[in-house]
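# Analysis of the macromolecular model
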Amino acid sequence: MIYFVGAGSGATDLITVRGARLLGEADTVIYAGSLVNPELLSLCRTDARIFNSAVMTLQEVVDVMRQTEESGGMTVRLHTGDPSIYGAIREQIDELKKLGIGWEICPGVSSMSAAAAALSAEYTLPEVSQTVIISRIAGRTPVPERESLRNLAKIKATLVLFLSASYVREVRQELLAGSYTEETPCAIVYKASWPDERVVRGCLGDLPKMAEEAGITKTALIIVGDVLGDDYALSRLYDEHFTTGYRNAKD
Ligand code: SAH
């Protein structure tokens, strides 16, 4: 059995209880060495075989999984954050299907959640934005043209950009071509939940300057939207004049 496990965003106690248990049981662990906190490996059995996928190809990863399976062992494939977001798990699952090997996925705390916590932000504020767009600027991996940042920016939702911290000039330019303005609040969150986490806040117009002054080029999220500003409406859920499934309105 192969377990794809979300390691969480960085802090070692942000892995789930289930993920930690699986890590402690695994015969083989293949971890994404570029972003997974290596301290998590202390949860592994002392006799576990440990591989860093940062230096492996897809074929090499699948070969290690297959060998472990053939010897009756269990593999944990440890991905950063939550595996469903830029995790490259689909291509591994499709190889496992071909080989008739079973898998299961254990979710994790994505860096987008850890970044919201660092910002004390709610991504979905009433009457500001009820939509979160997760995306990235095109880099070496292309993005379909209809999903270009300038197209997404027309919606003016809350935007969480992965894999884009080294393209801040392009991000600014693309977003200003949509509905955001120079004054739209934005933030860069570097290594959310790690001991050396850093948060930089500002306006979209200053995004390149913010990144440059902080020296941030990677392992960061860019968050853009009016939810980082001061204006919003109170929620209906806790409004005393509003009846919910659990509580009647007071008048
Ligand atoms: N599956 C991961 C994302 C993997 S893509 C998740 O759910 O978080 C890798 C990108 O994620 C990085 O380039 C960076 O943009 C972002 N990232 C990962 N960990 C981060 C962290 N702790 N703080 C800020 N950004 C992070």
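All of the points below concern the structure found in this document. Not measured: the values here are computed from a predicted model.

### What to know about the pattern of salt bridges
Under the definition given, this model contains 13 salt bridges. Across the pair Glu70 and Arg66 runs a salt bridge, and its minimum N-O distance is 3.3 Å. Here Glu70 and its partner Arg66 are both found in helix α2 (residues 58–70), 4 residues apart, which amounts to about one turn of the helix. Owing to a relative accessible area of 26%, Arg66 belongs among the partly exposed residues under this scheme. We note a salt bridge from Asp94 to Arg90, for which the minimum N-O separation is 3.1 Å. With Asp94 and Arg90 both in helix α3 (residues 90–99) and 4 residues apart, the pair spans about one turn of that helix. Using a relative accessible area of 25% as the deciding quantity, one classes Asp94 as partly exposed. Through salt bridges that share partners, Asp27, Arg45 and Asp47 make up one connected network.

### What to know about empty space enclosed by the protein
On inspection of all chains with the given rule, the structure shows 1 cavity of 30 Å³ or more. Quantified by volume, the largest cavity comes out at close to 30 Å³. Lining the largest cavity are Val128, Ser129, Lys156, Ala157, Thr158, Gly225, Asp226 and Val227. Residues of the lining of the largest cavity, tallied by class, amount to 3 nonpolar, 3 polar and 2 charged.

### Comments concerning the nonpolar core
Among the nonpolar cores identified, the biggest contains 26 residues, and Val171, Leu175, Ile188 and Leu207 are the most heavily contacted of them. A per-element tally of this core places helix α7 (residues 207–214) first, with 4 residues. Grouped together as the second largest cluster of nonpolar side chains are 19 residues, Tyr31, Cys44, Met74 and Cys106 included.

### A word on the layout of surface pockets
Within this model, the largest pocket holds a volume of roughly 1400 Å³. Forming the walls of the largest pocket are 44 residues, and the residues nearest its centre are Ser34, Leu35, Thr80, Tyr86 and Leu163. The set of elements that each furnish at least two residues to the lining of the largest pocket consists of α2, β4 (75–79), α3, β8 (185–190) and β10 (220–224). Taken domain by domain, the makeup of the lining of the largest pocket includes at least three residues from each of domain 1 (2–106) and domain 2 (111–228).

Conventions and cut-offs
- Residues numbered from 1 in each chain as written.
- Predicted model: local features only at pLDDT ≥ 70, side-chain atom pairs only at ≥ 80, totals over all residues.
- Heavy atoms only, no water.
- Salt bridge = Lys/Arg side-chain N within 4 Å of Asp/Glu carboxyl O.
- Helix = DSSP H or I, 4+ residues; strand = E, 2+ residues; numbered from the N terminus.
- Buried < 20%, exposed > 50% of the residue type's maximum accessible area, 1.4 Å probe, protein only.
- 1 Å grid on protein atoms, 1.4 Å probe; cavity = no way out; pocket = protein on both sides within 12 Å on 5 of 7 lines; lining within 4 Å.
- Points joined across faces, edges and corners; volume = space filled by probe spheres on them.
- Nonpolar A, V, L, I, M, F, W, Y, C, P; charged D, E, K, R; others polar.
- Core = buried A, V, L, I, M, F, W, Y, C linked by side-chain atoms within 4.5 Å.
- Domains from an automatic or database assignment.

Scope: geometric values only; no functional claims are made or implied.
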